[in-house]
Amino acid sequence: MLDRIKEDIYCIFARDPAAQSVFEIVTAYPGFHAILIHRLSHQLWNRRFRWLGRFISHLARWLTGIEIHPGAVIGRRFFIDHGMGVVIGETAVIGDDCTLYHGVTLGGISWKKGKRHPTLGNNVVVGAGAKILGPIEVGDGARIGSNSVVLKNVPAGATVIGIPGHIINPDRKAQEAQRQAIASKIGFDAYGQTPDMPDPVAHAINHMLNHIQLLDEQIACLKLVLQQNGIDFKQKPLPDISNCQLDLGNGT
Ligand SMILES: CC(C)(COP(=O)(O)OP(=O)(O)OC[C@H]1O[C@@H](n2cnc3c(N)ncnc32)[C@H](O)[C@@H]1OP(=O)(O)O)[C@@H](O)C(=O)NCCC(=O)NCCS
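S.K.: Looking at this model, I keep getting lost on the overall build of the protein chain. Mind explaining?
M.R.: Helix and strand counts for the protein chain come out as six helices and 15 strands. Split into buried and exposed, the 252 residues of the protein chain put 36% on the buried side. Summarising the internal contacts of the protein chain: among those between residues at least 6 apart in sequence, 33% fall at separations of at least 24. Accessible surface, the protein chain: about 15500 Å² in total, of which carbon and sulfur atoms supply 61%.

S.K.: How do you make sense of the sheet that holds strand S4 (residues 87–88) when you look at a structure like this?
M.R.: Note on sheets: strands pair through backbone hydrogen bonds, and any given pair is parallel or antiparallel. Spatial strand order, S1-S4-S7-S10-S13: five strands in an open sheet with parallel pairing. Two strands lie at the open edges of the sheet, namely strand S1 (67–68) and strand S13 (149–150), each paired on one side alone. Pairing of S1 with S4, which is carried by two bridges, proceeds in the parallel orientation. Residue pairing for S4: Glu 67 is matched across the bridge by Val 87.

S.K.: Just checking my understanding: could you explain the packing of aromatic side chains for this structure?
M.R.: What characterises a pair of aromatic rings is the spacing of the ring centres plus the angle enclosed by the ring planes. Applying the stated criterion across every chain yields a total of three aromatic pairs. Seen in terms of ring centroids, Tyr 10 and Phe 13 are 5.9 Å apart; in terms of plane orientation they differ by 40°. Their pairing is tilted. Remark: Phe 13 and Tyr 10 occur in helix H1 (residues 2–15); sequence separation between them is three residues, near one turn of the helix. Looking at Tyr 10, the relative accessible area reads 48%, which means it is partly exposed. Ring geometry for Trp 51 versus Phe 55: centroids 5.0 Å apart, planes at 10°, classification stacked. Here Trp 51 pairs with Phe 55, and both are found in helix H4 (residues 50–64), just four residues apart, close to one helical turn. Above the plane of the ring of Trp 45 lies Arg 50, whose end atom (NZ or CZ) is 4.3 Å from the centre.

S.K.: Explanation requested: the pattern of salt bridges in the structure shown.
M.R.: Opposite charge on two side chains permits pairing when their charged atoms draw close. Within this structure, the stated rule accounts for seven salt bridges. Residue Glu 67 pairs with Arg 61 through a salt bridge whose shortest N-O separation is 2.8 Å. One salt bridge in this structure joins Glu 90 and Arg 116, with 3.0 Å as the shortest N-O distance. Here Glu 90, found in the loop between S4 and strand S5 (93–94), pairs with Arg 116, found in the loop between strand S7 (105–107) and strand S8 (119–120); they are 26 residues apart in sequence, far enough to count as distant. By relative accessible area, Glu 90 is classed as partly exposed at 28%. Accessibility expressed as a relative area gives 18% for Arg 116, which makes it buried. Within this structure, Glu 7, Arg 15, Arg 76, Arg 77 and Asp 97 form a network of salt bridges that share partners.

S.K.: Honestly, a nonpolar patch on the surface in this entry has me stumped. Any pointers?
M.R.: A contiguous nonpolar surface patch, about 710 Å² in accessible area, is contributed by Phe 49, Trp 51, Leu 52, Phe 55, Leu 59 and Trp 62. Here Phe 49 shows up in the loop between helix H3 (30–46) and H4.

The rules behind each value
Residue indices begin from 1 for each chain and proceed along its sequence in written order. Local features are withheld for residues below a pLDDT of 70 in this predicted model, meaning they are given only at 70 or higher, and side-chain atom pairs are given and counted only at 80 or more; totals for whole chains, interfaces and linings count all residues. Derived side-chain values reflect all non-hydrogen atoms in the structure, with water molecules and hydrogen atoms excluded from consideration. Counting from the N terminus, the helices are the DSSP runs of H or I reaching at least four residues and the strands are the DSSP runs of E reaching at least two. Think of it in three bands: with a 1.4 Å probe and only protein chains considered, a residue is buried below 20% of the maximum accessible area for its type, exposed above 50%, and partly exposed in between. Contact definition: two residues touch when any of their heavy atoms are within 4.5 Å. Residue-level accessible areas treat just the shown protein chains as cover; the underlying method is Shrake-Rupley with a 1.4 Å probe. A pair of strands is treated as paired once DSSP finds two or more bridges between them. Stacked, tilted and edge-to-face pairs are distinguished by plane angle, under 30 degrees for stacked and over 60 for edge-to-face with tilted covering the rest, among Phe, Tyr and Trp rings (Trp via its six-membered ring) whose centres lie within 6.5 Å. By the criterion adopted, a ring carries a charge over it if an Arg CZ or a Lys NZ lies within 6 Å of its centre and within 35 degrees of its normal. For this analysis, a salt bridge means a side-chain nitrogen from Lys or Arg found within 4 Å of a carboxyl oxygen belonging to Asp or Glu. Two joining distances apply to patches: 9 Å for like charges and 5 Å for nonpolar side chains (Val, Leu, Ile, Met, Phe, Trp, Tyr), and every residue must have over 30% relative accessible area and no salt bridge.

As structure tokens, then:
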């Protein structure tokens, strides 16, 4: 028990750069107080002292602004930073090494008894104000963006943002960089358009850039195969498009 409490204290140093000392954590971290009291109320709940467990968790809420139902199962090295407004429901399950920020709800979307709250794997980080609702599963190492509302299972390692929560495409940054490279090759400034910005012209041009990128890759591949088979591929020099001026019919 003491070992677990020590772990709950020391994990805070790794996750909060503002943490100064054990004394500070023990005296001034509501997230630590909440988990400490939850460890006790959960024991009482499991031993069927249901009202006492519930009452103690109510006192913890009063003291810390963090509401953890005594029935919730919480793993080791759990850290709630800041804490105010956190709600963790009765049938929520949280793995080891998870971090929650203030305003997080692990809530239900049904009034039926039984499993109705989320299950978080290990090493999950839930950003401030995020709501994870329903008996869904959030895989190991997933990250939930602040203020997102998550209603569907999240695979391990994924990052989810927005309302409703959607997974950030891990290849998106790489694809954007490739697109930017092609855009600058042909002298077009894509001015950082994203899928969230519904400019239909930029959207169409971005698709053309993706298409050109694929064509480039296919030509390079064909060239390689031809060369490997002893066929000399004489590529005509391509004009430097970035130096071309668009003829807009007005002298420019
Ligand atoms: C979700 C999160 C983990 C993503 O971090 P990341 O993988 O480093 O991602 P990036 O910061 O590179 O952002 C990737 C994209 O998601 C967007 N994004 C990031 N967090 C977002 C959020 N919470 N809501 C909406 N969009 C978000 C970014 O604007 C960016 O969009 P772009 O590619 O169109 O520019 C992080 O932004 C987050 O919300 N962490 C929680 C932190 C927190 O609550 N701190 C409280 C301290 S008191």
